[in-house]
Every structure is written in C-alpha cells, then in structure tokens.
Amino acid sequence: MTDSLVAPTAPAAPKPSPAPYVVPAGLADRLARRVVAPARAETQACVTPLTGGHLADLPVSTIDSVDHAYRTAREAQTRWAAQPVADRAKVLLRLHDLVLRHRDELLDLIQLESGKTRRQAFEEVMDVAGVCRHYARKADDYLKPRKRLGALPVLTQTVELRHPKGVVGVVAPWNYPLSMSVTDLIPAILAGNAVVVRPDEKSALTALRSFELLDQAGVPEGLVQVVLGDGPTVGKAVLDRADYVMFTGSTKTGRGVARDAGERLVGASLELGGKNPMYVAADANLKAAADAAVRSVFSSAGQLCISIERLIVHEAVADEFTALFVKRVRSMKIGPELGWGNDMGSLISQQQLDTVVAHVEDARSKGATVLAGGRARPEIGPYFYEPTVLEGVTAVMKCRDEETFGPLVSIYRVATDDEAVELANDTTYGLNASVFTRDTARGRALAARIKAGTVNVNEGYAAAWGSNGAPMGGMRQSGLGRRHGAEGIHKYTEAQTVAVQHLVPIAPPKGVPEKAWAGAMALGLKAMKAGRIS
Ligand code: NAD
C-alpha cells in the first residue's frame, strides 16, 4: 500500500471507518481531465464498496463527446498505423514496466473501486504485464505478411496482409478494473487501431490511471479516447460507431450488442457470462483440489467470469473432498483492509449482493443445505457476504443454472466420469471449466469433452487465463470471439489477399481451344492432389 493514495492507517477492527479510504483530490482532478466530456459536464460519484464512502467525482460524457472522441481517434489512427509494428511494440513493453513499477498505487485503486483483496487485485497486474509482453514480442509475427499458396503454383503469387480495422470501440465491465480496461486495448493498438473506450463507472479511476500510464509509455495523443457514462447510452454510442466492437458483460446485454453490430455488419467480440464447473475425479489430489476450489470459487468474491460456480465431485471422494473444502471455506479471512493477507473482500454493489442473497434464500427455501456461509456481513462493509457452499441444489433452484457472480458454489455428486462430463455440459454457458485428476492424460481427455472455451487441468482458472499465447473466450452463450493468442489480435484486423498472376492467365490462353485447356487443367489438378500441394 502506498501513502500516496491511502491515508496512514488501514483498519484492523472489524468495523472500518470510512476515513482511510480516500483518493487524493489532485489525482481525481488530473484523471478527470483525461475524459472526453463537455467543459461543464455533469458528474458521477465514484464510491468504494468497502465502506460505501465517496472517493471522487468524474465527468459524464455526452453523445457529442463520443462523436468528438471518434473524430480525434480516426485522425490519430492513420498516423499510428503508418508506424512499424516494432515501434508500436516498444510502447507496450514500456507499459509493461510502468504497470509493474506503479503496482502499489494500482493495487490501492483496484481494491478501493472493486472491494477485492490485494492478492486478487495483483492478478490484474500480472494479467496486464503478461498480455503486454506476449503481444509486444509476438505482434510482428502475428501481423507480418504471409505467403500463401496461389491458384496456380509458382504462376500465382499470393500474400495475406493484415490491416487495422480502424477505431475499435471497447465497453469494459467493473469486475476487473485494471485488467478489463487495458488488456483488450493492447492487441487492438498493436494491430494499428485507435480505441474509444468506455470503462464502467465503478472502475473508472483505475482505468483512467492505467490510460495515463499508456500515455506515459508513448501512445500518441488522441489514439486512446476515454468516455464515461452509463452503458445503455454512452456505452451503446461507443459501440454503435466502432469499426470493431469489443464488449464484456452479461449474456443478456451481449445479445443486444451483437444484434446492433450485426445490423451494421461490423465484427464483434463478446466475452459474456458463465456457470463454470470444476470436476474432482476419484483419483484427484483432494487437498490440492480443495485449495484450488477456494481460490477459484471465491476470487474477487466470485465476481470473475471464469470463477467456478459448480463443484462436481466423484462420489468415491465426495465426503472427504467436501469436508476438506468446507473446512477451508469456514476459515477464510474476509475483510476490507487495503493490504495483503485477506482471502476474500466485498461484493461491488447492492445489486450484486441482492442477487447472491436471492440465490441463497431461494435454494435454502427449496431444500438445499448450507454447508458454509449463507449470511451477509454488514458489520464488515455494506456489501460483504460470506463465502457460501450449498449441497442438495436441484433444477428448481435459481442457482442451479443462473450465473450468480458472487461467492456461492454448489456441490454435486456423480458416479462416473461420463456423468461428470454430462453435468458439466448441462448448461447454456461454456466459458471455463476445471478437472482435477492425478492422471494428466485422463485430465486432457476429459477436458476435450467439456464444452468450454478454456479448461484447466489441476487448476481452477489461472493456468488457461495466463496462457496468453492460446485463445480464451466462450462457447455457446458465453460469447463470440477470443482474447489472447493469434485470434486475440487477428480479430482487430481485416485480412486482405493480394494475388499476382504471372505469365499465363487463369483462362484459356489465346489460340488454345477451351476443351484442350480444360483437359490440361484437369491433369494439373490431379497432379497437385498427387503431389500433396494444398
Ligand atoms: P452487464 O451486461 O449488465 O454490463 C456490462 C457492461 O456493459 C457495463 O459496464 C454496462 O454499463 C455496459 N452496458 C450495459 N448496457 C449496455 C449497452 N446497451 N451497450 C453497451 N454497453 C452496455 O453486466 P454486469 O452484470 O455489469 O457484469 C457482469 C457480467 O459480465 C457477468 O455476466 C459476467 O460473467 C460478465 N463478464 C464476462 C467476462 C468475460 O471475459 N467473459 C468478464 C467479466 C465479466
């Protein structure tokens, strides 16, 4: 924790005073100037969920501001796209260093805005550094012109080019204030695009500070435009003007975003919800599985799209695993301190708390058993809720199929691996999954049968999430498109094929009868198949 953001004493007593949770006025004023908004804009209050206390006021953008942001971004984009990829990459390598250097300040802001623990906030720092490093080092390879087989070998010389889309519109959610605001921008700008981004109002301070670091890293003026305002008005206006749409949020909102993008025939990447399963097989290391389940269910108080909400356990080990897991959950340390050492922090808002309460009470009233937790903890902070474990959840209960996005998990017992796979796939979602087994080959085979964009073997979510060279995203109702890897940068480009024809046309040359030409071509095609030319 740095003194620059947070006044001296973090509270040790269970009931915190709002006083320590402050953002210096100078910082907030400086960040406010990074927002494209009218001179006398309306303001929105930033509050900390840790206490409900006021942190800062930030300006709200208008539709005119969004138009202005796009005009500026378009001008800057043309100049940026003319720079070599290697020069663009240097900016991202500098951002990597800046984010690590300023991590304490960023961790304070993330904790203040999201209410999560410092360890979970640090995952965001690691994520940004990892994505910067990966794309900065690999962008040249991902984006370079590639020779492709031409229509006629040797005679047709074909090259695939990658052009930037133009201006990418990004709507970022609140649950990962740093990660979700920055990581989608990194491949977009490396590919030569400008960006207009609307971070969620609940994560705006962290987002704005990270954009300052982007400026400091050397992103040209105008290239990254930031607007603030509500989703249905300002967020929608950002996406409605984009040459490519990058949206992260719920499946319900994502459907509307996809419809609008479809209407305009622009591409869209939609990172949406999940109801993610972890399967603990009969041969799993149960202690390791129980530890990982605690991390994977309760990270960011469950407000992580890839967090685990369903624990599927082989009946041969279900009693033992449940005892180990519940014991760990009951001893979790929950608290509001801006420092290391807590296992879980707060939910972000009354709305999130209401959903968790509704899911637990609905399940309890219909016969589910609460094995751990099950209570709000207002004496710690207004939106704290205990890490909660349910058993006996059935299809009539909301939390069986609906995403809770909170610190709630249900345990289900199965008799076979096949049953486990069937249950894991018994959801409309398909974002993330996990398999615990001592037999890695079996883990891989089970993973391939689960319909989820990422599957972690002997981890909950971090192994796949941190694998920046491999695609990450949702199957089924969990989204369209992928982050990370080649797909995570190619989506921000238009592929263009340039084919140069030499010597003879792809048509009968002058004086050659069509039938003879067709015969010669047929022989040529057969030869290409025999020669495995593809
Ligand atoms: P939400 O869909 O209500 O809102 C998400 C964001 O979209 C918010 O910032 C909101 O202001 C904005 N928004 C709302 N309406 C909009 C519109 N018409 N046009 C443009 N933007 C609009 O979701 P939420 O409840 O705030 O966030 C939690 C959801 O996000 C969960 O379902 C979670 O799984 C999902 N999520 C997914 C990922 C992922 O990578 N797959 C990551 C984080 C969160």
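As the structure is a computational prediction, the values presented were derived from the model and not from experiment.

Engineer: Is there a simple way to think about the packing of helix H3 (residues 85–101) against helix H5 (residues 118–143) in this case?
Structural biologist: Two quantities define a packed helix pair, namely the angle between the axes and the distance from one axis to the other. Where H3 meets H5, the closest approach of the two axes is 9 Å, and the angle between their N-to-C directions is 165°. Taken as axis vectors, H3 and H5 run roughly antiparallel relative to one another. At the point where H3 passes H5, the crossing takes the left-handed sense. From H3, Val85, Arg88, Ala89, Leu92, Leu93, Leu95, His96, Val99 and Leu100 reach across to H5, where they touch Val125, Val128, Ala129, Cys132, Arg133, Ala136, Arg137, Ala139, Asp140 and Leu143. Classifying every residue of the contact of H3 with H5 by side-chain character gives 14 nonpolar, one polar and four charged.

Engineer: Looking at this model, I keep getting lost on the domain arrangement of the chain. Mind explaining?
Structural biologist: Quoted interface sizes are often the accessible area lost when the parts come together. Examined at the domain level, the chain breaks down into domain 1 (61–272), domain 2 (276–473) and domain 3 (496–527). Each of domain 1 and domain 2 has a C-alpha centre, and these two points are 30 Å apart. On the domain 2 side, the residues contacting the 26 residues of domain 1 number 28 residues. Note on domain 1 versus domain 2: buried area summed over both sides is about 2,200 Å², and carbon and sulfur give 55% of it. Inspection of the domain 1/domain 2 interface yields 11 residue pairs in polar contact (both at pLDDT 80 or more). Where the side of domain 1 that touches domain 2 is concerned, the elements lending two or more residues are helix H4 (103–114) and H5. Ranked by residues supplied to the side of domain 1 that touches domain 2, first place goes to H5 with 10 residues. Class assignment for the residues of the side of domain 1 that touches domain 2 results in eight nonpolar, 10 polar and eight charged.

Engineer: Would you take a moment to explain the nonpolar core for this structure?
Structural biologist: One recurring pattern in soluble globular proteins is that nonpolar side chains are buried together. One finds Leu95, Ile186, Phe321 and Phe325 to be the most contacted residues of the largest nonpolar core, which totals 148 residues. Counting residues per element, this core draws most heavily on H5, which supplies 10 residues. When residues of this core are sorted by domain, at least three fall in each of domain 1 (61–272) and domain 2 (276–473). If we ignore the near neighbours within four places in the chain, the residues touching phenylalanine 325 are Ala290, Ala293, Val294, Val297, Phe298, Leu311, Val389, Val409 and Ile411. Counting residues in hydrophobic clusters, the runner-up holds 12 residues, among them Tyr176, Leu304, Ile306 and Tyr461.

Engineer: I would appreciate a short explanation of the UniProt feature "active site" (unreviewed entry) in the chain in the present structure.
Structural biologist: Listed under "active site" (unreviewed entry) in the UniProt record, and renumbered for this structure, are Glu271. Within the element layout of this structure, glutamate 271 appears in strand E9 (residues 267–271). Residue contacts for glutamate 271: discarding those within four places in its chain leaves Met246, Phe247, Thr248, Gly249, Met472, Gly473, Gly474, Ser478, Gly481, Arg482 and Arg483.

Engineer: How should I be thinking about unusual backbone geometry in this particular structure?
Structural biologist: Of all residues except glycine, most have a negative phi; of all peptide bonds, most are trans. Non-glycine residue leucine 265 carries a positive phi angle of around 55°. Positionally, leucine 265 belongs in the loop between helix H10 (251–264) and E9. One non-glycine residue with positive phi stands out, namely leucine 503, at about 65°. One can find leucine 503 in the loop between strand E18 (493–501) and helix H19 (514–530). By relative accessible area, which is 83% here, leucine 503 ends up exposed.

Engineer: Got a minute to help me understand the sheet that holds strand E16 (residues 454–457) in this structure?
Structural biologist: The strand order across the open sheet built from seven strands is E12-E13-E14-E11-E10-E15-E16, with neighbouring strands paired in mixed fashion. Every other strand in the sheet has two partners, leaving strand E12 (369–372) and E16 as the edge strands with one partner each. Averaged over all pairs of adjacent strands, the angle between strand axes in this sheet comes to 25°, irrespective of strand direction. Pairing of strand E10 (residues 276–280) with strand E11 (residues 308–314) involves five bridges; the strand directions are parallel. Its bridge partner being in E11, proline 277 is matched across the sheet by arginine 310. Contacting E10, E11, E12, strand E13 (388–391) and strand E14 (408–414), helix H12 (residues 315–330) crosses the sheet at an angle of about 140° to E11.

Engineer: Teacher, can you tell me more about the sheet that holds strand E8 (residues 244–248) here?
Structural biologist: The strands that make up a sheet pair up through hydrogen bonds in the backbone, lying either parallel or antiparallel. Within the open sheet, the six strands sit side by side as E7-E6-E5-E8-E9-E17. Their pairing is mixed. Of all strands in the sheet, those bounded by a partner on one side alone are strand E7 (224–226) and strand E17 (479–480). Relative to E7, strand E6 (residues 194–199) runs parallel, the two sharing three bridges. In the sheet register, valine 197 faces E7, and the bridge partner there is valine 226. The strands that helix H9 (residues 231–240) touches are strand E5 (167–172), E6 and E8; relative to E5, the one it contacts most, it runs at about 155°. Most of the contacts of H10 go to E8, to which it runs at about 175°, and overall it touches E8 and E9.

Engineer: Explanation requested: the pattern of salt bridges in the structure shown.
Structural biologist: If charged atoms from side chains of opposite charge come close, those side chains can pair. Counted according to the given criterion, the structure contains 37 salt bridges. A salt bridge links arginine 198 to glutamate 201, with the nearest nitrogen and oxygen atoms 3.9 Å apart. By relative accessible area, which is 3% here, arginine 198 ends up buried. Between aspartate 200 and lysine 202 there is a salt bridge; the shortest N-O distance is 3.5 Å. Look at aspartate 200 and you get buried, because its relative accessible area is 9%. For lysine 202, a relative accessible area of 29% puts it in the partly exposed group. Overlapping salt bridges, with partners in common, bring together Arg30, Glu105, Arg209 and Glu212 in one network.

Engineer: Would you take a moment to explain helix H11 (residues 286–298) for this structure?
Structural biologist: It helps to recall that an α-helix has 3.6 residues per turn; residues three or four apart then point in one direction. Given a rise of 1.5 Å per residue, 13 residues ought to cover 18 Å, and the 18 Å separating the end C-alpha atoms of H11 matches this to within 8%. In this structure asparagine 285 caps H11, since a side-chain oxygen of it lies 3.2 Å from the backbone nitrogen of lysine 287. One or two steps after H11, the chain reaches serine 300, where phi turns positive at roughly 50°.

Rules of the game
- Sequence positions are assigned chain by chain, starting from 1 and proceeding in written order.
- pLDDT decides what is reported in this predicted model: residues at 70 or higher carry local features, side-chain atom pairs at 80 or more are listed and counted, and totals for whole chains, interfaces and linings draw on all residues regardless.
- Water and hydrogen atoms were dropped before computing side-chain values, which therefore reflect all heavy atoms in the structure.
- Angles shown run from 0 to 180 degrees and are taken between the N-to-C directions of axes, each axis being a line fitted to C-alpha atoms and, for helices, limited to the stretch in contact.
- What counts as a helix is a DSSP run of H or I of at least four residues, what counts as a strand is a run of E of at least two, and both are numbered from the N terminus.
- When describing relative orientation, an angle under 35 degrees is termed roughly parallel and one over 145 degrees roughly antiparallel, while 65 to 115 degrees is termed roughly perpendicular and anything else oblique.
- Each helix crossing is assigned a hand: it is left-handed if the near helix lies turned anticlockwise from the far helix by less than a right angle, otherwise right-handed if that turn is clockwise.
- A contact between two residues is defined here by any heavy atoms of the two lying within 4.5 Å.
- Each residue is assigned to one class: nonpolar for Ala, Val, Leu, Ile, Met, Phe, Trp, Tyr, Cys and Pro, charged for Asp, Glu, Lys and Arg, and polar for all the others, Gly among them.
- What fixes the domain bounds is an automatic or database domain assignment.
- Here the quantity called buried area is the accessible surface, traced with a 1.4 Å probe, that two parts lose on coming together, added over both.
- Here a polar contact is taken to be a pair of N or O atoms separated by no more than 3.5 Å, where protein atoms must pair a possible hydrogen donor with a possible acceptor and residues adjacent in sequence count only if both atoms sit in side chains.
- Residue types Ala, Val, Leu, Ile, Met, Phe, Trp, Tyr and Cys, when buried and joined through side-chain atoms within 4.5 Å, form a set referred to as a nonpolar core.
- Three exposure classes are used, based on accessible area relative to the maximum for each residue type with a 1.4 Å probe and protein chains only: buried under 20%, partly exposed in between, and exposed over 50%.
- UniProt positions are given in the numbering used here, feature names are shortened, and annotations may be inferred rather than shown by experiment.
- When DSSP finds two or more bridges between a pair of strands, those strands are recorded as paired.
- Salt bridges are defined as contacts in which a side-chain nitrogen from Lys or Arg sits within 4 Å of a carboxyl oxygen from Asp or Glu.
- Between the first and last residue of a helix there are one fewer steps than residues, each counted as 1.5 Å, and that sum is the expected span.

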